[in-house]
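A structural walkthrough
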Amino acid sequence: MALNVNNQLDLLHDLLSLHAEECCGSASECEQISRLIRSLQQQPSIQNSELSQIVDVIDHYGTSGAVSNNLDDHINQHQTDIQQWLQVIKDSNH
């Protein structure tokens, strides 16, 4: 079953929330974040939203996190960003 945009945003929010709350994660979670972002970038409803302004940055976070030698540090360094991204995702997911 394919996920619709709201399902994808919910999943993205959940993954980023876990990173924010636990300050740790896995390479596979980072890869999933990047896959979700790439799928969302193809959605016309996202292209003209506030979310469109941060998807590249979130994709970079996921991609670089997946290959990071110290993922916990990577997540900790992006805590402020993650909090901002979570708010944008929450605001754009109706």
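Since the model is a prediction, treat every value here as computed from it, not as a measurement.

Turning next to helix α6 (residues 79-92). Think of an α-helix as 3.6 residues a turn; residues three or four steps apart then line up on the same face. With 14 residues, α6 extends 20 Å from end C-alpha to end C-alpha; this agrees with the ideal 20 Å at 1.5 Å per step. Those residues of α6 that fall on the buried side of the exposure criterion are Gln 79, Ile 82, Trp 85, Leu 86, Val 88, Ile 89 and Ser 92.

This part takes up the environment of Gln 41. When you line up the elements, Gln 41 lands in helix α2 (residues 27-41). Every residue in contact with Gln 41, bar those within four places of it in the chain, is listed here: Gln 47, Val 55 and Asp 56.

Helix packing geometry: the angle between the two helix axes and the distance between the axes. Relative orientation of the contacting elements helix α1 (residues 5-22) and α2 amounts to 150 degrees, with a least axis distance of 10 Å. If you check the angle between α1 and α2, you find them roughly antiparallel. Both α1 and α2 take part in a crossing whose hand is left-handed. Residues Val 5, Gln 8, Leu 9, Leu 11, Leu 12, Leu 15, Leu 16 and His 19 of α1 form the contact with α2, whose participating residues are Glu 29, Cys 30, Gln 32, Ile 33, Leu 36, Ile 37, Ser 39 and Leu 40.

Conventions and cut-offs
Residues numbered from 1 in each chain as written. Predicted model: local features only at pLDDT ≥ 70, side-chain atom pairs only at ≥ 80, totals over all residues. Heavy atoms only, no water. Helix = DSSP H or I, 4+ residues; strand = E, 2+ residues; numbered from the N terminus. Expected span 1.5 Å × (residues − 1). Buried < 20%, exposed > 50% of the residue type's maximum accessible area, 1.4 Å probe, protein only. Contact = heavy atoms within 4.5 Å. Axes fitted to C-alpha atoms, helices over the stretch in contact; angles between N-to-C directions. Parallel < 35°, antiparallel > 145°, perpendicular 65-115°, else oblique. Left-handed = near helix turned anticlockwise from the far one by under 90°.

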